[in-house]
2 protein chains.
Amino acid sequence: MQSELEIQITEIGRRARQAARALAVLSTEQKNAALLGMAEALVARAPDVLAANARDIAGAEEHGLNKAAIDRLRLSEKRLAEMAEGIRQVAGLSDPVGQVITQWTRPNGIAISKVRTPIGVVGIIYESRPNVTSDAAILCIKTGNAVILRGGSESLHSNIAIAVALQAGGSAHGLPENAVQLIPTKDREAVRHMAQMDQYLDLIVPRGGHSLIETVVSHARMPVIKHYHGVCHVYVDRAADLEMAVRIAVNAKCQRPGVCNAMETLLVHREVAGEFLQKAAPVFAEKGVSIHADPAAFQQLSALNYPLLHEAREESWSTEYLDLILSLKVVDSLEAAIAHMEHYGSHHSDAIITRDAAAAERFLNETDSATVYWNASTRFTDGGEFGFGAEIGISTDKLHARGPMGLEELTTYKYLIRGEGQIRE
Amino acid sequence: MQSELEIQITEIGRRARQAARALAVLSTEQKNAALLGMAEALVARAPDVLAANARDIAGAEEHGLNKAAIDRLRLSEKRLAEMAEGIRQVAGLSDPVGQVITQWTRPNGIAISKVRTPIGVVGIIYESRPNVTSDAAILCIKTGNAVILRGGSESLHSNIAIAVALQAGGSAHGLPENAVQLIPTKDREAVRHMAQMDQYLDLIVPRGGHSLIETVVSHARMPVIKHYHGVCHVYVDRAADLEMAVRIAVNAKCQRPGVCNAMETLLVHREVAGEFLQKAAPVFAEKGVSIHADPAAFQQLSALNYPLLHEAREESWSTEYLDLILSLKVVDSLEAAIAHMEHYGSHHSDAIITRDAAAAERFLNETDSATVYWNASTRFTDGGEFGFGAEIGISTDKLHARGPMGLEELTTYKYLIRGEGQIRE
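Residues numbered from 1 in each chain as written. Chains lettered and ligands numbered in written order. Predicted model: local features only at pLDDT ≥ 70, side-chain atom pairs only at ≥ 80, totals over all residues.

Caption draft 1: Inspection of the overall build of chain A at higher detail. Helix and strand counts for chain A come out as 15 helices and 16 strands. Taking 22 Å as the expected radius of gyration for a compact globule of 425 residues, we find that chain A reaches 24 Å, a close match to that expectation. Its C-alpha atoms put chain A at 70 × 70 × 45 Å along the principal axes. Counting over 425 residues, chain A shows a buried share of 54%. Residue pairs at least 24 apart in sequence account for 72% of intrachain contacts in chain A once pairs closer than 6 positions are excluded. (Helix = DSSP H or I, 4+ residues; strand = E, 2+ residues; numbered from the N terminus. Rg over C-alpha atoms; globule rule 2.2 N^0.38 Å. Buried ≥ 20, exposed ≤ 12 C-beta atoms within 10 Å, placed from the backbone. Contact = placed C-beta atoms within 7 Å.)

So this is what it looks like as structure tokens:
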């Protein structure tokens, strides 16, 4: 027997499917008009959203969330105005739906066009700030997809208020009913029901930590595009420009340590390890970076009196710290660096620093990661930095979307074939 | 505790992952040399393969398989020579791996290339003829993927012998060990274990009927690209050239009824139904087509004394007959035809026959199927007919690959970024 929750989730799915059919045939102009209506409503309904947000903040304080987490949760007039501005920017981007990817004519005269279309209904599960509710919804609407959102429980009231504002503002400007829906419960079973609902959900995108990803992966019947962790590496080659290597390593670790494209492990070729660490250690120390080092690096850093030094353990090499903490290993060769990343990495973003073009090309070719860098910081793995205009996140999966996932990755395609009565002989 | 079977399957997965790493860095020339070695071995080892095939045939006869099924199972010197020739043709196709899909430079000077790469390890589960063992394996090798094959139980000995020949012939020409592996058991649990093995398997492609698809979908932890059924439609519009409509409908139903792109349901606009059925009925009758008709069509076909006439039931509209049987319905409008396909169809291949360009473009735009036709037979949904050179099958899924799946669809991509020391500010 179905639980009440399951019936509720299924009904949300059914409505989303209906909305998706209506959305799929809207013109770019109609979708953009709806987006502008959504931006307007978000500003107009700011008092409702801020009141809902105040409830979430009060709840979070009651539950003893730390100050940083509460800050991430907090909305303001200014934050809502920025979200609205983000919507207007997406309205201004070009619409991938209807784009002809490629076309050709066969010897028998049939003309084949491969054309971008919406995916249908997209489910997005996230644990982060309430602005994701708006960001994710508008990218789906822009690409003609109905969206079912499931946010973090600590921001439930804010998320509901934002989704209600978006749907109301959109509906007033031609958006189909139920194009934007939010799962209105903290019940964790809701995720399981979403993941089972393949008759209504064409794609599910979980953005978050291990437990969320595992729940989705173990239950999902539909395609999943995971936005999971980044154990990213910088490899300082024997032929590296060591000044550049320090600059990039420090940027990759310290510029914003709490994100998935930040470096977690630094690999250094044995021949240059001494000189490199002499240059790098003072900068890492000044930034307050704790280093978990393998024996060779530990010895060198000890000699340099590095202040925040630990011995690396086996699990250090697969840890995503998301903090000013670094695993550091001395390797004997380019091959050893690639083998280390293959074994411990998460295939997200990995960089080589070298002046040796042959070594660089080998690293680029043989490293099986979504984004592979030569002489640049891993921090560029980002839809905005790629020039995509907007991103739904960074896919850590290989199929359909890999790496930064923009508007195009929220579409699929179909083949249109125009003939003059051709039959198959 | 792991069963012995699970340990065995996991070991196959581990070996495949190892092989995939070695395969990914082979050049096109190296892969082609291996493919030619595989073709050679298939011919050289024909006696072994045919002996294994004789065991399967004997088993099938013992189990009382029908003659058609036994014929599909049967190999011969000639059939093996054709399979070898197919391998040589694939060797001659251009290699998608390494192709630059797109590239651009950002204002900060980093150069981004989106480059095709192998997926890694691909699992293919099929129920069809033993030649699929060779066809599927070579497309994976061509694209640098290791492959784990799981064929139908009735052709197990043939499949093993073919896989052994391919691996031996490949290894003698530089193919990594275990690039081609076959699950050597009839145990159905093997499919479940494969579907759970996401640490080793990057993609699983089930080709087959409902029970196989359901087993994979309900257990899979990795991406699945289903090759499922085709409930394909031809819609004869009010503005159709009726001679063309008859020709296409008969081709779509009768030219090869046992395949997924054959028409299963014919929709006819009420205004032309009388005239169309008068022209079509004699041809369908001559071909021996049983028709399951809705009341309006039933009445007209009765008046024409159609010999093989049945009343359609609700389940007729979602049935894939794969036989000389047709569901037939009279509809009031283009919208009604689209709504019918949306409700009952499988979104595989659907056609409109009309002289009305506006109606055709609306049908092409609003029908959410992998391949949508205007004035051509649904039978063209095929990698060969599309000019892909080879196909692994027809995806009935929407993500990553939709419709005919050729070499490109057996690849993914990564981003290569070349910089000069850029860091993120």
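After presenting the structure, the write-up continues.
Caption draft 2: The arrangement of the relation of the copies chain A and chain B in detail. Superposing chain A onto chain B takes a rotation of 180° combined with a translation of 0.0 Å along the rotation axis, leaving an RMSD of 0.0 Å. Put plainly, the chains are arranged around a two-fold axis. Ranked by how close their C-alpha atoms come to the rotation axis, the residues of chain A are headed by His400(A), at 2.0 Å. Interface residue correspondence from chain A to chain B reaches 100%, placing this contact among same-surface, isologous pairings. (Least-squares fit on C-alpha atoms with pLDDT ≥ 70 in both.)

Caption draft 3: Spotlight on unusual backbone geometry. In this structure, Leu322(A) is a non-glycine residue whose phi angle is positive, near 55°. Positionally, Leu322(A) belongs in the loop between strand S10 (309–311) and strand S11 (325–331). Looking at Leu322(A), the number of C-beta atoms within 10 Å reads 15, which means it is partly exposed. Here Asn375(B), not a glycine, exhibits a phi torsion of approximately 55°, which is positive. Relative to the assigned elements, Asn375(B) resides in strand S13 (residues 371–376).

Caption draft 4: Geometry of the pairing of strand S6 (residues 203–207) of chain A. Residues and elements named next belong to chain A. Within S6, five of the five residues are buried, which leaves it mostly tucked inside the rest of the structure. The two faces of S6 match: Leu-203, Val-205 and Arg-207 on one face and Ile-204 and Pro-206 on the other face are all buried. The pairing of strand S3 (residues 121–126) with S6 spans five bridges and is classified as parallel. Directly across from Tyr-126, in S6, lies its bridge partner Arg-207. (Pairing = 2+ DSSP bridges.)

Caption draft 5: Main features of the sheet that holds strand S6 (residues 203–207) of chain B. All names here are of chain B. Strand order in the open sheet formed by four strands is S5-S4-S3-S6, and the pairing between neighbours is parallel. Strands with a single pairing partner mark the edges of an open sheet, and in this sheet they are strand S5 (180–182) and S6. The sheet shows a mean angle of 20° between the axes of neighbouring strands, direction not considered. Across the sheet, helix H8 (residues 189–196) is in contact with strand S3 (121–126), strand S4 (146–150) and S6; its angle to S4 comes to roughly 155°. (Axes fitted to C-alpha atoms, helices over the stretch in contact; angles between N-to-C directions.)

Caption draft 6: Here's a closer look at the environment of Val122(B). Residue and element names in this part refer to chain B. Inspection of the secondary structure assignment puts Val-122 in strand S3. Residue Val-122 is classed as buried on the basis of its 26 C-beta neighbours within 10 Å. Excluding residues within four positions of it along the chain, Val-122 makes contact with Cys-140, Asn-145, Val-147, Asp-202, Leu-203, Val-205 and Leu-410.

Caption draft 7: Main features of the domain arrangement of chain A. All names here are of chain A. Domain assignment breaks chain A into domain 1 (4–228 + 398–417) and domain 2 (232–385). Computed from C-alpha atoms alone, the centre-to-centre distance between domain 1 and domain 2 is 35 Å. With four residues of domain 1 at the interface, the matching set in domain 2 holds five residues. (Domains from an automatic or database assignment.)

Caption draft 8: Highlighting the sheet that holds strand S13 (residues 371–376) of chain A. What the ten strands build is an open sheet, ordered S10(A)-S9(A)-S11(A)-S8(A)-S7(A)-S12(A)-S13(A)-S16(B)-S2(B)-S1(B); its pairing is mixed. Sheet topology places S10 of chain A together with strand S1 (100–105) of chain B at the edges, where each strand pairs with a single neighbour. Within the sheet, the average angular offset between the axes of one strand and its neighbour, ignoring direction, is 20°. Of the pairings in the sheet, the one linking strand S7 (residues 232–236) of chain A to strand S8 (residues 263–269) of chain A comprises five bridges and is parallel in character. Bridge pairing in S8(A) places Cys232(A) opposite Met263(A). Along the sheet face, helix H10 (residues 242–254) of chain A touches S7, S8, S11, strand S12 (349–353) and S13 of chain A together with strand S16 (411–422) of chain B and points at about 165° away from the line of S12(A).

Caption draft 9: Representation of the nonpolar core in the model. Among the nonpolar cores identified, the biggest contains 150 residues, and Ile204(A) and Ile204(B) are the most heavily contacted of them. Within the second largest apolar cluster, 58 residues are counted, among which are Val234(A), Val246(A), Leu301(A) and Leu416(B). (Core = buried A, V, L, I, M, F, W, Y, C linked by C-beta atoms within 7 Å.)

Caption draft 10: Main features of helix H1 (residues 4–24) of chain B. Residue and element names in this part refer to chain B. Here H1 is 21 residues long and its end C-alpha atoms lie 30 Å apart, about the 30 Å a rise of 1.5 Å per residue gives. Taken as a whole, H1 has its buried residues at Ile-9, Ile-12, Gly-13, Ala-16, Ala-19, Ala-20 and Leu-23. Taken around the axis of H1, the buried residues stretch over an arc of 130°, which confines them to a single face. Opposite its buried face, H1 presents the exposed residues Glu-4 and Ile-7, each directed more than 90 degrees away. (Expected span 1.5 Å × (residues − 1). Arc of directions from axis to C-beta.)

Caption draft 11: Structural context of the interface of chain A and chain B. Opposite the 55 residues of chain A that make contact, chain B presents 55 residues. At the level of elements, helix H1 (4–24), helix H9 (210–219), H10, helix H14 (357–366), S13 and strand S16 (411–422) of chain A are the ones that each hand at least two residues to the side of chain A that touches chain B. For the side of chain A that touches chain B, the element with the highest residue contribution is S16(A), accounting for eleven residues. Its residues placed into classes, the side of chain A that touches chain B shows 24 nonpolar, 16 polar and 15 charged. Note: S16(A) against S13(B), five bridges, orientation parallel. Residue pairing across strands places Arg418(A) opposite Trp374(B), the latter belonging to S13(B). (Nonpolar A, V, L, I, M, F, W, Y, C, P; charged D, E, K, R; others polar.)

Caption draft 12: Representation of the confidence of the model for chain A in the model. Of the residues in chain A, 100% reach a pLDDT of 70 or more, and the chain-wide mean stands at 96. Interface confidence for the predicted complex, expressed as ipTM, amounts to 0.96; the pTM equals 0.95. (pLDDT = per-residue confidence, 0-100.)

Caption draft 13: Representation of the environment of Gln181(A). Residues and elements named next belong to chain A. Secondary-structure assignment places Gln-181 in strand S5 (residues 180–182). On the neighbour-count criterion, Gln-181 (23 C-beta atoms within 10 Å) is buried. Separated by 138 residues in sequence, Gln-181 and Val-43 have C-alpha atoms that sit 19 Å apart. In this view, Gln-181 contacts Ile-12, Arg-15, Ala-16 and Ile-148; residues no more than four positions away in its chain are not counted.

Caption draft 14: Highlighting the pairing of strand S2 (residues 111–118) of chain B. Residue and element names in this part refer to chain B. With five bridges connecting them, S1 and S2 associate as antiparallel partners. Across the sheet, Gln-103 pairs through a bridge with Ser-113, a residue of S2. From the end of S1 to the start of S2, which pair antiparallel, there are five residues, and Gly-109 there has a positive phi angle of about 95°.

Caption draft 15: Main features of helix H3 (residues 46–62) of chain A. Residue and element names in this part refer to chain A. For H3, spanning 17 residues, the distance from its first C-alpha to its last is 24 Å, which sits close to the expected 24 Å at 1.5 Å a residue. Those residues of H3 lying buried are Ala-46, Val-49, Ala-52, Asn-53, Asp-56 and Ile-57. Buried residues of H3, viewed axially, fall in a sector of 150°; they line one side. Exposed side chains of H3 directed beyond 90 degrees from the buried face belong to Pro-47, Ala-58, Glu-61 and Glu-62. Packing partners of the buried residues in H3 comprise helix H2 (28–44), helix H4 (67–73), helix H5 (77–92) and helix H7 (156–171). Within two residues after H3, Gly-64 carries a phi angle of roughly 70°, on the positive side.

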